[in-house]
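One letter stands for each residue in the lines below.
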Amino acid sequence: MSIPTSASEKSRSTGNYDHHGDRSNILVAAAIGDCVHIAGILGFLDLAQSAGYEPVFLGPATPVEDLVAKAKELNATAIAVSYRLAPSAAQNLLSELKRQMEGAGLTGLTGMNTSIKLFFGGTPATCDVADRLGIFDAVFSGGESREDVLDELLGRKRAGRPEALPDTLIARIRAKKPLPLIRHHFGLPTVDATVKGAAEIAEAGVLDVLSIGPDQNAQEYFFTPDKMDPRQDGAGGVPVRTKEDLRRIYEATRRGNRPLVRCYSGTTNLIPMAEMLQETIRNAWCAVPLCWYNVLDGRSKRPLREAIAENQATMRWHAERGIPVEVNEAHHWSLRGADDVVAVAMAYLAAYNAKKMGVKHYVSQYMLNTPPATPPAMDIAKMLAKIHLIESLHDENFKSYRQVRGGLASFSKDPDVAKGQLASSIALGMFLKPDIVHVVGYSEGMDVARPDQLIESCKIALGVIHRWIDGVPDVEEDPAITRRKKELLDGARSLLDRIGALAGEIRSEAQGEIQGLTAKKLVDDDPFTSPDVIAAAIQRGILTAPDLRGGVRGR
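To start, this report covers the structure provided alongside it. Remember, predicted model here, so these are calculated numbers, not experimental data. Along every chain, residues carry numbers that run from 1 in the direction the sequence is written. Local features are withheld for residues below a pLDDT of 70 in this predicted model, meaning they are given only at 70 or higher, and side-chain atom pairs are given and counted only at 80 or more; totals for whole chains, interfaces and linings count all residues. Hydrogens and water are ignored here; the side-chain numbers use all heavy atoms of the structure.

**Section: the overall build of the chain**
Turning to step 1, where the next piece is worked out: Where helices and strands are cited, they refer to DSSP runs of H or I of at least four residues and of E of at least two residues respectively, numbered from the N terminus. Per the secondary structure count, the chain includes 19 helices and 15 strands.
Turning to step 2, where the next piece is worked out: In the chain, 74% of the contacts between residues at least 6 apart in sequence involve partners at least 24 apart.
Turning to step 3, where the next piece is worked out: Only the protein chains shown count as cover for residues, and the accessible areas themselves come from Shrake-Rupley with a 1.4 Å probe. Of the roughly 22,600 Å² of accessible surface on the chain, a fraction of 50% belongs to carbon and sulfur atoms. We call two residues in contact whenever any of their non-hydrogen atoms come within 4.5 Å of each other.

The following block contains the structure:
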């Protein structure tokens, strides 16, 4: 088969396969006749294994009757045949394959109920022979993408068109395995342009999640339009002003591969915004911070403590409806120059709050290249520390899904350089074995991504992903990464202990100042979910960064 081999040769089963008659997902493969070309079929078997098959490879120059006999013996669910020599010989061999399989009762061609999937790979000329014979479920000549091959292996194609993928996040993640979902941010300065672009992007079929990027006026003042500054319309995203604007964008994506659609939570009136997003775009998942979008960053005028409480209520609202939640928290600290220890601690605190608010499916974002000068090895160490703490929360009621992305501030304004940086950030993210890859368009260092730039960026990302999905080295074997991860974990645990102890200090201070109130009423029982404690940790400089706003301490 003309499909590239993986960089690493995996051990594959041979004909000495111990089988006891149970029909498991076995795929028997061989290069038949006198054909000794096996590089392509070995690459195909790597993909088949990642798709859940158990490959049994009989090797080169395998007689047709041996291939059929082994498939019958193992009660195989699929056969893969490779032949790259003369088309005339292919006609004879494949006709013999058809006869042998009919005689063995392995196909539905003889009216028997037991059918078997049949795949062929070869040169374009031998593929034409295989196509005309009409017995193969799929024929590969080498020009197919890895995703196309996986679609066939997983039964995701019907009559030459991709089968519609699930329209909920977790189901789509599972359906796309072993590939991650592709997400990209999109919002042009007018609604009409955004609707047209969304349709173009959906038709291209290169991404699974289109994230609507509303302008700041919409995020802060959608429900109080009289407060909007018309001079800022379209600044930073699409100027969504009505429910109908959102519906139009969503409807534009109901074509092509029908991507999921999602949008940020807004920076005020978060629950009314959540209700509207579910009604209009079936928001794929909620993205809300724990400590941000308030006086801390100037994104709204909400006081810090009240903002934390409202953000928690928004998490709970989505949890009650079974909607996944992302708490985009830790990287906001890194974007403002916080120490890596703060970023790791806040990654844990964000996930902890989501779990305590009842969230079952948690999207955990790992923003690389933030700050931009972070060395790749140290970037991975920081993310592994976050993963360690977040995934320690996993149980039957809480699971996180890894989402990686590049840091926008690291992208050059030179588009050619930025394309290299995009590919590099995706490759680095693949070390973390992501469920979702949030593609940052190469043009976003200069301007918003236009549809053609977005599509090109997704294709660059897919080119990296398709190569790296075969497997990446175990980065935790690197002593420098392991050492840095441990340093960050130790520091984050100490910082979390300090935050936990702050609850007692606040109670003691309050008891000395306020008569007739019990300490329990002043601070929530759990310091990690207490808006009082979290706000106090920021206001007292326990959680700090150089570039904070709103009268809180920087460094």
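Okay, back to it.
**Observations concerning the environment of Q91**
Turning to step 1, where the next piece is worked out: Checked against the element boundaries, Q91 lands in helix α3 (residues 87-104).
Turning to step 2, where the next piece is worked out: Burial here depends on accessible area, computed with a 1.4 Å probe over protein chains only, as a share of the maximum for the residue type. Under 20% is buried, over 50% is exposed, and the range in between is partly exposed. For Q91, a relative accessible area of 32% corresponds to the partly exposed category.
Turning to step 3, where the next piece is worked out: When the C-alpha atoms of Q91 and V129 are compared, they prove to be 6.1 Å apart, with 38 residues separating the residues in sequence.
Turning to step 4, where the next piece is worked out: Discounting residues that sit within four places of it in the chain, Q91 has contacts with V129, R132 and L133.

**Focus: helix α19 (residues 531-539)**
Turning to step 1, where the next piece is worked out: α19 sits mainly inside the fold: 7 of its 9 residues count as buried.
Turning to step 2, where the next piece is worked out: Within α19, the full set of buried residues consists of P531, V533, I534, A535, A536, A537 and I538.
Turning to step 3, where the next piece is worked out: G541 sits one or two positions beyond α19 and adopts a positive phi of about 85°.

**What to know about the packing of helix α7 (residues 191-204) against helix α9 (residues 243-252)**
Turning to step 1, where the next piece is worked out: Taken N-terminus to C-terminus, the directions of α7 and α9 make an angle of 20°; their axes are 7 Å apart at the nearest point. Of the possible angle classes, the one that applies to α7 and α9 is roughly parallel. Considering the relative orientation of α7 and α9, their crossing is right-handed. Here V191, D192, T194, V195, A198, A199 and A202 of α7 come into contact with α9, specifically with D245, R248, I249 and A252.
Turning to step 2, where the next piece is worked out: Asp, Glu, Lys and Arg are counted as charged, while Ala, Val, Leu, Ile, Met, Phe, Trp, Tyr, Cys and Pro are counted as nonpolar; the rest, among them Gly, fall into the polar class. Taken together, the residues of the contact of α7 with α9 sort by class into 7 nonpolar, 1 polar and 3 charged. As a rule, the C-alpha atoms of each element are fitted with a line to give its axis, helices using only the stretch in contact, and angles between N-to-C directions run from 0 to 180 degrees. What sets the label is the angle itself: under 35 degrees gives roughly parallel, over 145 gives roughly antiparallel, 65 to 115 gives roughly perpendicular, and the rest give oblique. In this scheme the crossing of two helices becomes right-handed for a clockwise turn of the near helix relative to the far one and left-handed for an anticlockwise turn of less than a right angle.

**Observations concerning α7**
The α-helix winds at 3.6 residues per turn, so residues separated by three or four positions along the chain end up facing the same way.
Turning to step 1, where the next piece is worked out: How far a helix is expected to stretch is found by multiplying one less than its residue total by 1.5 Å. For α7, which comprises 14 residues, the first-to-last C-alpha distance of 20 Å matches the rise-based estimate of 20 Å (1.5 Å per residue) to within 8%.
Turning to step 2, where the next piece is worked out: Along α7, the positions that sit buried rather than exposed are V191, T194, V195, G197, A198, A199, I201 and A202.
Turning to step 3, where the next piece is worked out: Turning to α7, the residues buried within the fold contact β8 (181-186), β9 (209-212), α9 and α16 (451-468).
Turning to step 4, where the next piece is worked out: Where α7 begins, one side-chain oxygen reaches toward the backbone nitrogen of A193, 3.1 Å away; that side chain belongs to T190.
Turning to step 5, where the next piece is worked out: In the stretch just after α7, G205 is the one whose phi turns positive, near 65°. We call two N or O atoms a polar contact when they sit within 3.5 Å, provided that within protein one can donate a hydrogen and the other can accept it, with sequence-adjacent residues counted only if both atoms are side-chain atoms.

**Describing the side chain of S425**
Turning to step 1, where the next piece is worked out: Position of S425 among the secondary structure elements: in helix α15 (residues 415-430).
Turning to step 2, where the next piece is worked out: From its side chain, S425 meets the backbone oxygen of L422 in a polar contact 2.9 Å long.
Turning to step 3, where the next piece is worked out: Apart from residues no more than four positions distant in its own chain, S425 is found in contact with L368, N369, G406 and F411.

**Quick word on the pairing of strand β15 (residues 436-439)**
Each regular strand displays side chains that alternate between the two surfaces of the sheet.
Turning to step 1, where the next piece is worked out: By the alternation rule, side chains of β15 split into I436 and H438 and V437 and V439, which are all buried.
Turning to step 2, where the next piece is worked out: Two strands form a pair only when DSSP identifies at least two bridges running between them. As paired strands, β8 and β15 are joined by 4 bridges and run parallel to one another. In the strand pairing of β15, L181 is matched with I436.
Turning to step 3, where the next piece is worked out: As defined by bridge partners, strand β14 (residues 399-405) adjoins β15 across 3 bridges and the pair is classed as parallel. Note on β15: the bridge partner recorded for R405 is H438.

**Here we look at the pattern of salt bridges**
Turning to step 1, where the next piece is worked out: Whenever Lys or Arg places a side-chain nitrogen within 4 Å of a carboxyl oxygen from Asp or Glu, that contact is recorded as a salt bridge. Summed over all chains, the structure comprises 27 salt bridges.
Turning to step 2, where the next piece is worked out: The residue E279 makes a salt bridge to R247 at a minimum N-O spacing of 2.8 Å. Of this pair, E279 sits in helix α10 (residues 270-281) while R247 sits in helix α9, and the two are 32 residues apart along the sequence.
Turning to step 3, where the next piece is worked out: Since its relative accessible area comes to 30%, R247 is described here as partly exposed.

**Some thoughts on the layout of surface pockets**
Turning to step 1, where the next piece is worked out: Approximately 790 Å³ is the volume found for the largest pocket.
Turning to step 2, where the next piece is worked out: Here a cavity means grid points, on a 1 Å grid over the protein atoms only, where a 1.4 Å probe fits yet cannot get out; a pocket means an open set of points with protein on both sides within 12 Å along at least five of seven lines; lining residues are those with an atom within 4 Å of a point. Lining the largest pocket are 31 residues, and of these H185, Y264, R405, L408 and E444 sit closest to its centre.
Turning to step 3, where the next piece is worked out: Looking at the lining of the largest pocket, the elements with two or more residues in it are β8, α8 (216-221), α12 (330-335) and β13 (361-367).
Turning to step 4, where the next piece is worked out: Of the residues forming the lining of the largest pocket, the biggest block, 3 residues, is contributed by α12.
Turning to step 5, where the next piece is worked out: Looking at the lining of the largest pocket residue by residue, the classes come out as 12 nonpolar, 13 polar and 6 charged. Grid points are joined across faces, edges and corners, and a volume is the space filled by probe spheres set on the points.

**Details of the sheet that holds strand β1 (residues 26-31)**
Turning to step 1, where the next piece is worked out: Strand order in the open sheet formed by 5 strands is β2-β1-β3-β4-β5, with parallel pairing between adjacent strands. Looking at which strands have only one partner, the edges of the open sheet turn out to be β2 (54-57) and β5 (138-140). Neighbour to neighbour, the strand axes of the sheet diverge by 20° on average, direction disregarded.
Turning to step 2, where the next piece is worked out: As paired strands, β1 and β2 are joined by 4 bridges and run parallel to one another. Paired with I26 across the strands is E54, a residue of β2.
Turning to step 3, where the next piece is worked out: The sheet contacts of helix α5 (residues 146-153) involve β1, β4 (117-122) and β5, and relative to β4 the element is tilted by about 155°.

**As for the packing of aromatic side chains**
To describe a pair of aromatic rings, you give the distance between the ring centres and the angle between the ring planes.
Turning to step 1, where the next piece is worked out: Each Phe, Tyr or Trp ring (for Trp, its six-membered ring) is paired with any other whose centre lies within 6.5 Å, and the angle between the two planes then decides the class: stacked below 30 degrees, edge-to-face above 60, tilted in between. Following the criterion strictly, the structure yields 11 aromatic pairs and no others.
Turning to step 2, where the next piece is worked out: When the centroid spacing of 5.3 Å and the interplanar angle of 75° are considered together, the rings of F431 and W468 count as edge-to-face. Of this pair, F431 sits in the loop between α15 and β15 while W468 sits in helix α16; the two residues are 37 residues apart in sequence, bridging distant segments of the chain.
Turning to step 3, where the next piece is worked out: Ring pairing ties together the aromatic residues F44, F119 and F140, which thus form one cluster.
Turning to step 4, where the next piece is worked out: Note that R262 overlies the ring of Y264, its terminal NZ or CZ placed 5.1 Å from the centroid.
Turning to step 5, where the next piece is worked out: Directly above the aromatic system of Y442 lies the positively charged group of K419, at a separation of 4.9 Å from the ring centroid. Over a ring means this: the NZ of a Lys or the CZ of an Arg is within 6 Å of the ring centre and within 35 degrees of the ring normal.

**Observations regarding unusual backbone geometry**
Turning to step 1, where the next piece is worked out: In this structure, the amide linkage connecting K177 to the following residue, P178, adopts the cis form with an omega of 10°.
Turning to step 2, where the next piece is worked out: Within the fold, P178 resides in the loop between α6 (169-176) and β8.
Turning to step 3, where the next piece is worked out: In the segment running from T370 into P371, the intervening peptide bond is cis, with an omega of 0°.
Turning to step 4, where the next piece is worked out: Relative to the helices and strands, P371 is located in the loop between β13 and α14 (376-391).
Turning to step 5, where the next piece is worked out: Not every positive phi belongs to a glycine, and N75 is a case in point at roughly 55°.
Turning to step 6, where the next piece is worked out: If you trace the backbone, N75 turns up in the loop between α2 (64-73) and β3 (78-83).
Turning to step 7, where the next piece is worked out: Owing to a relative accessible area of 28%, N75 belongs among the partly exposed residues under this scheme.

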